[in-house]
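Below are the chains, spelled out letter by letter.
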Amino acid sequence: MDDKTHKGRITKQGIRIYDEADFAGMAKAGELAAQILDSMVDLVKPGTTTEALDAAITKMVNDAGSTSATIGYKGYQHASCISVNHVVCHGIPGPKLLKDGDILNIDVTVIVDGWFGDTSRMYVAGKPNRKAERLIQVTHDALFEGIMAVKPGNTFGDIGHAIQKYVEGHRMSVVRDFCGHGLGRVFHAPPNVLHYGRPGTGSILEEGMFFTIEPMVNLGRPETKVLADDWTAVTRDKSLSAQFEHSIGVTADGCQIFTLSPNGKFHPTY
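As the structure is a prediction and not an experimental result, all values here were calculated from the model. (Residues numbered from 1 in each chain as written. Predicted model: local features only at pLDDT ≥ 70, side-chain atom pairs only at ≥ 80, totals over all residues. Heavy atoms only, no water.)

1. Some thoughts on the environment of Val 41
And step 1. Turning to its location among the elements, Val 41 is positioned in the loop between α1 (22-39) and α2 (50-63).
And step 2. Overall, Val 41 belongs to the partly exposed group, its relative accessible area being 31%.
And step 3. In sequence terms Val 41 and Lys 165 are 124 residues apart; their C-alpha atoms lie 30 Å from each other.
And step 4. Setting aside chain neighbours within four positions, we find Val 41 in contact with Tyr 123 and Lys 265. (Helix = DSSP H or I, 4+ residues; strand = E, 2+ residues; numbered from the N terminus. Buried < 20%, exposed > 50% of the residue type's maximum accessible area, 1.4 Å probe, protein only. Contact = heavy atoms within 4.5 Å.)

Below, the structure is given as structure tokens:
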């Protein structure tokens, strides 16, 4: 069953409203994605390559009887995006060796029984410097500022504003060129979830909406550019960038996070 044949209601803005029973499917997909990222903690170290990390992820996806949502997506050929240092998102795994102090985001999406589990988090090869450590902390906390704004009756602008206010209060910048998205039985669907905005603007949150919140935060300016490979996005000023992502579903009084770390490893230095 794909998203078009699903019985759930669709809002005037094109946002699908899922049934209570659908939360279990999303939780199962999200748990597998989170388990895979938990398993990467001990593999990220100086001297390894991002292609070796991706190979390990591919094996874990296959061993679980799951499917990678990214392999074959618009021609992409990897089970993860791995974005190192000033790469904002969509970094392609390759042969370059990680160095001590490198920070990296690993982004994984799996399909389990037709449901998409999408999550990313930060890792450190060795020990981060103080600026990198602070960037990771602010980005992590900004995600949860956004999540705390999720409840029926609030708006997507409330989510974006909470993130933007927190990040800019720490003299960092929110990337505008990429956003979160709806998902469920499809990889990407309405709405676009902006990580900046004004309170009270945008579509109203309703119970049964599924989407990602995935702020990208730069130490420098917010502008990005996409390299010649048509995937890799980097900061224009070469400043460090970080990102954390959860898939969530709106509940009657808040939200359910589908991609919580089973082992409490979502934050790399906790």
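Next, the rest of the story.
2. Some words on the UniProt feature "binding site: a divalent metal cation 1" (unreviewed entry) in the protein
And step 1. Here the UniProt-annotated "binding site: a divalent metal cation 1" (unreviewed entry) positions come out as Asp 107, Asp 118 and Glu 245. Annotated residues spanning 139 residues; largest pairwise C-alpha distance 8.2 Å, indicating a single compact cluster.
And step 2. With respect to the helices, strands and loops of the structure, Asp 118 is situated in strand β7 (residues 115-124).
And step 3. Judged by relative accessible area, Asp 118 falls into the buried class, the value being 3%.
And step 4. Reaching out from Asp 118, the side chain makes a polar contact with the side chain of Thr 109 at a distance of 2.9 Å.
And step 5. Its location among the elements puts Glu 245 in the loop between β15 (241-243) and β16 (246-250).
And step 6. Discounting residues that sit within four places of it in the chain, Glu 245 has contacts with Asp 107, Asp 118, Thr 119, Ser 120, Leu 143, His 181, Thr 212, Ile 213, Glu 214, Thr 259 and Phe 266. (UniProt positions renumbered as here; feature names shortened; annotations may be inferred. Polar contact = N/O pair within 3.5 Å; in protein donor to acceptor, adjacent residues only side chain to side chain.)

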